[in-house]
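Notes for the structure review
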Amino acid sequence: MIGLISATAAGAAARDRLAAAWPDRTRVYEGPVGEAVRTAFAECEQLVCFLATGAVVRLLAPLLGDKTADPGVVCVDEGGRFAVSLVGGHGGGANELACTVGELLGAEPVVTTATDSVGLAALDTLGLPYEGSVALVSRALLDGEPVALEAEVPWPLPPLPTSTRGTCAVRLTDRDVEPGEREVLLRPPSLVVGVGASRGAPVEEVLGLIQEALREAGLSPRSVAELATVDAKAQEPGILGAAERLGVPLVTYAAEELASVEVPHPSDAPLDAVGTPSVAEAAALLRGGELLVPKRKSVRADGRPAMATCAVVRRPGRGRLAVVGLGPGARDLLTPRAAAELRRASVLVGLDQYVDQIRDLLRPGTRVLESGLGAEEERARTAVAEARAGHAVALIGSGDAGVYAMASPALAEASDDIDVVGVPGVTAALAAGTILGAPLGHDHVSISLSDLHTPWEVIERRVRAAAEADLVVTFYNPRSLGRAWQLPKALAVLAGHREPGTPVGVVRNASRPDESSRVTTLAELDPATVDMMTVVTVGNTATRIVAGRMVTPRGYRWQESTQEGDR
């Protein structure tokens, strides 16, 4: 819950805007400001104070305890100009809150945390449990000192400016070890504990068995991602209690699924009881991984038969491939989601000229793999290989990465051993369309005239089909120095089905500083004025030029009669 506190009418107006936007996330605290701050500090995970920062500092000072537990606090001035992350920038989420509050209220977020100020991924914000000298190692990263990264378990981390050697270190490990004096341990959620239990097994017996198995194997409980068992044990109190105390989810599987897993220690007892020869080992191994602790049974102090079994598997982190569309070129047409993926990726793969467009958005430590024109398939293979190695990868393309860009070759290479995320972008056709007016107002199609990968006979057949279907056509890759004849031939096909006066829009470098555009007709278009940086949009039989702009009607009856209400 986010507590909202204000003292004046101006502050209350901004406070109420935030409360209206987030009705389920916020609570307004009325009354004397000091009392309101104290109450909200005790009851809420975060606070937004519409007060002067000095006043909030004085009110908070006696309340502050541990930065890992204190609420995140954001101050917004009464003029609504700034949203200041004051306390708990990382641990309390105040930095992120300042940005979202600023976006909602039109205020400028003010974040002074050192790592955020220089674009570094803070070690305590990676979403992984951590131990050790976070402040010391973070300072070394900020100062440009060599910091070694030791990844004992592959995991898709965001970029960190680390090296193979250094006086400080960041170690990614699920082993139960203590951090060195100048070291930070990051705990990946790499361990899966399979659990079996007899009916009524005490939670202390189940939990004690798990803790003993981890301890003897030298594994950290902070790296346990989940407990896994058979569906029949989904409501077993001892298993549920153990998962709750460990702070991890309980995942269950059907007995038929578990029975299909090959395990080293099958048994008739679980087969008779729940329909599978293995519960603990099979549940841990079902999604793959390395068996670190084979099935073991609990030992009861009273000498009675064991009521619990467990097994531990290390499941390596899945690499992550984000296929990112950068839009047509203008920075303000790069989506926030695309920018976030660029900052998240530790490896960036792309065409050199596209990399140059967004190089300033990359975090320090991002490894850039760039290449020139004509290496699309090589870039796709490289991106997938880096993801399979456990990295967080961004593969970039212009416009939308799924439209004549990198998504299709990358996904043709990728299998289900990595996570793939698609980030849409503004396509060249859409960017050109808005410049020309509204040429895509009804059914339309995009066709590439490049015959490097598609035979011309196929392209021509598609153009003819679009012409016969009376679709608006946008031509990509219309003309290059080595391919000058395809565009005239495609236009001739269209001319066989459309009037000479059919509107045609020509846009070069849409949304970029040297953008140019013109609206002409099918008869008057000179193909020699078109190049590979140009998008050509040919209207259908209903497209008109209105006030110099191309407009394709939506085709509804209101064009013929304003008495129809469908608009």
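A brief look at the structure comes next. As the structure is a computational prediction, the values presented were derived from the model and not from experiment.

1. Here we look at the overall build of the chain
Of regular secondary structure, the chain possesses 18 helices and 28 strands. Across its three principal directions, the C-alpha atoms of the chain cover 95 × 70 × 60 Å. Excluding contacts between residues fewer than 6 apart, the proportion of contacts in the chain whose partners are at least 24 apart in sequence is 65%. Carbon and sulfur atoms make up 51% of the accessible area of the chain, which amounts to about 26800 Å² in all. Put simply, the chain has 54 plus and 71 minus side-chain charges, and the middle of one group is 1 Å from the middle of the other.

2. Brief notes about the layout of surface pockets
Here the largest pocket defines a volume of roughly 1600 Å³. Taken together, 48 residues make up the lining of the largest pocket; nearest its centre are Tyr354, Glu376, Tyr404, Asn477 and Met532. Classifying every residue of the lining of the largest pocket by side-chain character gives 21 nonpolar, 19 polar and eight charged. Of the pockets and cavities examined, the second largest pocket occupies roughly 1300 Å³. Lining the second largest pocket are 41 residues, and of these Thr125, Leu126, Pro158, Arg344 and Arg363 lie nearest its centre. Going through the elements one at a time, α4 (94-105), α5 (114-117), β12 (224-230) and α12 (336-344) are the ones with two or more residues in the lining of the second largest pocket. No other element matches the five residues that α4 contributes to the lining of the second largest pocket. A breakdown of the residues in the lining of the second largest pocket according to their chemical character gives 17 nonpolar, 12 polar and 12 charged.

3. Re the pairing of strand β10 (residues 183-186)
What you see with β10 is no split at all: Glu183 and Leu185 on one side and Val184 and Leu186 on the other are buried throughout. Relative to β10, strand β7 (residues 130-132) is paired through three bridges, and the arrangement is antiparallel. The partner of Tyr130 across the bridge, within β10, is Leu186.

4. Topic: the pattern of salt bridges
A full pass over the atoms with the stated rule returns 28 salt bridges. Notably, a salt bridge pairs Glu290 with Arg314, separated by 3.8 Å at the nearest N-O pair. Note that Glu290 is positioned in strand β14 (residues 290-297) and Arg314 in strand β15 (residues 308-314), a separation of 24 residues in sequence. If you follow the salt bridges from partner to partner, you end up with Glu150, Glu152, Arg171, Arg175 and Glu183 in one network.

5. Notes on the sheet that holds strand β4 (residues 72-76)
Strand order across the open sheet formed by six strands is β2-β1-β3-β4-β5-β6, with mixed pairing between neighbours. The two strands at the open ends of the sheet, each matched to only one other strand, are β2 (26-28) and β6 (108-110). Pairwise comparison of adjacent strand axes, ignoring direction, gives a mean angle of 25° for this sheet. Running over the sheet, helix α2 (residues 33-43) touches β1 (2-6), β2 and β3 (46-50) and is turned about 175° from β1. Sitting on the sheet, helix α3 (residues 53-60) touches β3, β4 and β5 (82-87), and the angle it makes with β5 is about 20°.

6. Notes on the packing of aromatic side chains
Following the criterion strictly, the structure yields two aromatic pairs and no others. Across the ring face of Trp22, the terminal group of Arg25 is positioned such that the distance to the ring centre comes to 4.2 Å.

7. Some thoughts on the pairing of strand β17 (residues 347-351)
Burial analysis of β17 places five of its five residues in the buried class, the great majority of the element. Here five bridges tie β17 to strand β18 (residues 367-371), and the two strands are oriented parallel to one another. Bridged to Val347 within β18 is Arg367.

8. Quick look at the packing of helix α17 (residues 456-468) against helix α18 (residues 486-495)
At their nearest, the axes of α17 and α18 sit 9 Å apart, and the two run at 30° to each other. As far as their axial angle goes, α18 and α17 are roughly parallel. Read as a crossing pair, α17 and α18 show a hand that is right-handed. For the pair formed by α17 and α18, the contact residues are Trp456, Glu460, Val463, Arg464 and Ala467 on the first element and Gln486, Lys489, Ala490, Val493 and Leu494 on the second. Looking at the contact of α17 with α18 residue by residue, the classes come out as six nonpolar, one polar and three charged.

Definitions and limits used
- Residues numbered from 1 in each chain as written.
- Predicted model: local features only at pLDDT ≥ 70, side-chain atom pairs only at ≥ 80, totals over all residues.
- Heavy atoms only, no water.
- Helix = DSSP H or I, 4+ residues; strand = E, 2+ residues; numbered from the N terminus.
- Contact = heavy atoms within 4.5 Å.
- Areas by Shrake-Rupley, 256 points an atom, 1.4 Å probe, with all protein chains shown as cover.
- Lys, Arg positive; Asp, Glu negative; His and termini not counted.
- Charge placed at Lys NZ, Arg CZ, Asp CG, Glu CD.
- 1 Å grid on protein atoms, 1.4 Å probe; cavity = no way out; pocket = protein on both sides within 12 Å on 5 of 7 lines; lining within 4 Å.
- Points joined across faces, edges and corners; volume = space filled by probe spheres on them.
- Nonpolar A, V, L, I, M, F, W, Y, C, P; charged D, E, K, R; others polar.
- Buried < 20%, exposed > 50% of the residue type's maximum accessible area, 1.4 Å probe, protein only.
- Pairing = 2+ DSSP bridges.
- Salt bridge = Lys/Arg side-chain N within 4 Å of Asp/Glu carboxyl O.
- Axes fitted to C-alpha atoms, helices over the stretch in contact; angles between N-to-C directions.
- Phe/Tyr/Trp six-rings, centres within 6.5 Å; stacked < 30°, edge-to-face > 60°.
- Lys NZ or Arg CZ within 6 Å of the ring centre and 35° of its normal.
- Parallel < 35°, antiparallel > 145°, perpendicular 65-115°, else oblique.
- Left-handed = near helix turned anticlockwise from the far one by under 90°.

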